[in-house]
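A look at the structure
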Amino acid sequence: MNSLKPYVLFLILIFIPFISNIFFVFVNSISSSSSSSDNEYTTFFNALASINSKASLKSGKNETSSCPSHGSSSSCEVWDVTCSEAVLGLALKPENIDWIKRLRRKIHENPELAFEEYETSKLVRAELDRMEIEHRYPLAKTGIRAWIGTGGPPFVAIRADMDALPIQEAVEWEHKSKVPGKMHACGHDAHVAMLVGAAKILKNREHLLKGTVILIFQPAEEAGNGAKRMIGDGALENVEAIFAVHVSHEHSTGIIGSRPGPLLAGCGFFRAVISGRKGLAGNPHHSVDPILAASAAVISLQGIVSRESNPLDSQVVSVTSFNGGSNLDLIPDTVVIGGTFRAFSNVSFYNLLQRIEEVILEQASVFRCSATVDFFEKENTIYPPTVNDDNMYEHVKKVATDLLGPQNFRVVPPMMGAEDFSFYSEVVPAAFYYIGVRNETLGSIHTGHSPYFMIDEDVLPFGAAVHATVAERYLIEHG
């Protein structure tokens, strides 16, 4: 028996590491499985909060360093995860989250309509002054052009719209609109807050900027064509590219969505007056009937899209108003019809405009009537299509993916809605994108222009971070 002891000990020494290794692999697999299961339930905000924690720790290390710190230890000449963490770390500081929410609520409580945004503009300028950010005012009556960076090229712009809508708010909450009949029912209060939030991040990182960021606070997006007037007043001076965001209830909070090429339709309105000669309904041969002429025009207008347009090129012509006489025994002098038309390219859009006028005039003449068609061009109610530049879209996609993760970016379909951001996109390369605010638990489910519209305010710091990163990285890559 004693002679076997050395062999037994030898075998034990050989097999102990082998058995230990099997044991640790087994434990590891259980741990991994558990971790994977937990990750399925990790929310968007918890994941980003972990990034914030890392950024806070790094910030804390910098404070104890003998070297001066401006909020980031990396030069970010080549963008990496450290740069993204630094931006998110600034955006997600508790004091900055509280501040950006308070700012949005102040604007929400005091909505102002197109070209009346005096108090909103004053509030924005006060915040810019506190941050020592230079700006020019007024542009387009209440608009602001601010700048951060070197003061030299390249120049990149970020835009936010400021105006509210003539809607009575139906949401009962602490910060409900204090102005009867007016409401921020399209999220422009959030757009302003996110751009001011981006300004704070960019000012903190100004020493890293490789050019100049232009901040455009624009009045009158809602049927006022404020963009057109801002351009006329020099908002795009030296600007090489421009970006903007809009909140969306189509996507959960924090999801970024966009697409290359046409994103939003061009939109126009028309009003036609068809004139005949009134007469008794019992003796129609003594009259010239504008109701018959208008009816024929309405039917013929439907053929523009169904028979003249490429089925793969989405277009809309809708007659939404038809007003004639009020006496049931009298054929009226005139009939007024009106409606809207939309298309995703300028060629198709202006072709619709031309054909609408031709159809109405010719159909009126068939029935011995005359007609005039007004497209409200003097009132600036024509919006061209919003078309994303392919390279600028790819820039937004790259920024959103790197900052928030690939699972938080969506390629979205085109929409028939319209935006006056389209005027900027006709002048310089541009990209327009959405940021999700849908949160069914909060009731943030109603689309824009609803009296029940509300947003998930947790989106605000993330919108600010995306804005700031889009601008900073553009300067790095084009400087």
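Check the entry above for the structure.
Remember, predicted model here, so these are calculated numbers, not experimental data.

**A look at the overall build of the chain**
Counting its regular elements, the chain contains twelve helices and 16 strands. Considering the chain as a whole, with its 479 residues, one finds that 49% of them fall into the buried category. Here the chain has roughly 22500 Å² of accessible surface; of this, 56% comes from carbon and sulfur atoms.

**Focus on the pattern of salt bridges**
For the structure shown, the criterion picks out 20 salt bridges. Glu457 is the partner of Arg104 in a salt bridge, and the nearest nitrogen-oxygen pair spans 3.1 Å. One end of the pair, Arg104, is in helix 4 (residues 94-109); the other, Glu457, is in the loop between strand 16 (430-438) and helix 12 (460-478), with 353 residues separating them in the sequence. Note on Glu457: relative accessible area 9%, which makes it buried.

**Considerations on the sheet that holds strand 12 (residues 334-343)**
Pairing is antiparallel across the open sheet formed by four strands, whose spatial order is 10-12-8-13. Edge positions in the open sheet fall to strand 10 (315-323) and strand 13 (370-374), since each of these has one partner strand only. Shown here is a sheet whose adjacent strand axes are inclined to one another by a mean of 20°, direction ignored. Relative to the sheet, helix 8 (residues 290-308) contacts strand 8 (266-275), strand 10 and strand 12, its axis offset from that of strand 10 by approximately 165°.

**Points about unusual backbone geometry**
Cis rather than trans, the peptide bond between Tyr137 and Pro138 has omega equal to 0°. Within the secondary structure, Pro138 sits in strand 1 (residues 134-139). In this model, Pro153 is joined to Pro154 through a cis peptide bond whose omega is -5°. Tracing the backbone shows Pro154 in the loop between strand 2 (143-149) and strand 3 (155-161). The backbone of Phe115 shows a phi angle near 65°, a positive value even though the residue is not glycine. One can find Phe115 in the loop between helix 4 and helix 5 (118-130).

**Quick notes on the nonpolar core**
Formed by 73 residues in total, the largest nonpolar core has its most connected members in Leu128, Val213, Leu215, Phe217, Phe243 and Ile256. Excluding residues within four positions of it along the chain, Phe217 makes contact with Val124, Leu128, Gly143, Ile144, Ala160, Met162, Val192, Leu195, Val196 and Met230. Core analysis: the second largest hydrophobic core is formed by 27 residues, Val335, Leu353, Ile356 and Val373 among them.

**Quick look at the pairing of strand 1**
Residues in a regular strand point their side chains to alternate faces of the sheet. Relative to strand 2, strand 1 is paired through four bridges, and the arrangement is antiparallel. From the neighbouring strand, Glu134 faces strand 2, where its bridge partner is Trp147. Taken together, strand 1 and the strand that follows it, strand 2, pair antiparallel across an intervening segment of three residues, in which Ala140 is found at a positive phi of about 50°.

Calculation rules
- Residues numbered from 1 in each chain as written.
- Predicted model: local features only at pLDDT ≥ 70, side-chain atom pairs only at ≥ 80, totals over all residues.
- Heavy atoms only, no water.
- Helix = DSSP H or I, 4+ residues; strand = E, 2+ residues; numbered from the N terminus.
- Buried < 20%, exposed > 50% of the residue type's maximum accessible area, 1.4 Å probe, protein only.
- Areas by Shrake-Rupley, 256 points an atom, 1.4 Å probe, with all protein chains shown as cover.
- Salt bridge = Lys/Arg side-chain N within 4 Å of Asp/Glu carboxyl O.
- Pairing = 2+ DSSP bridges.
- Axes fitted to C-alpha atoms, helices over the stretch in contact; angles between N-to-C directions.
- Contact = heavy atoms within 4.5 Å.
- Core = buried A, V, L, I, M, F, W, Y, C linked by side-chain atoms within 4.5 Å.

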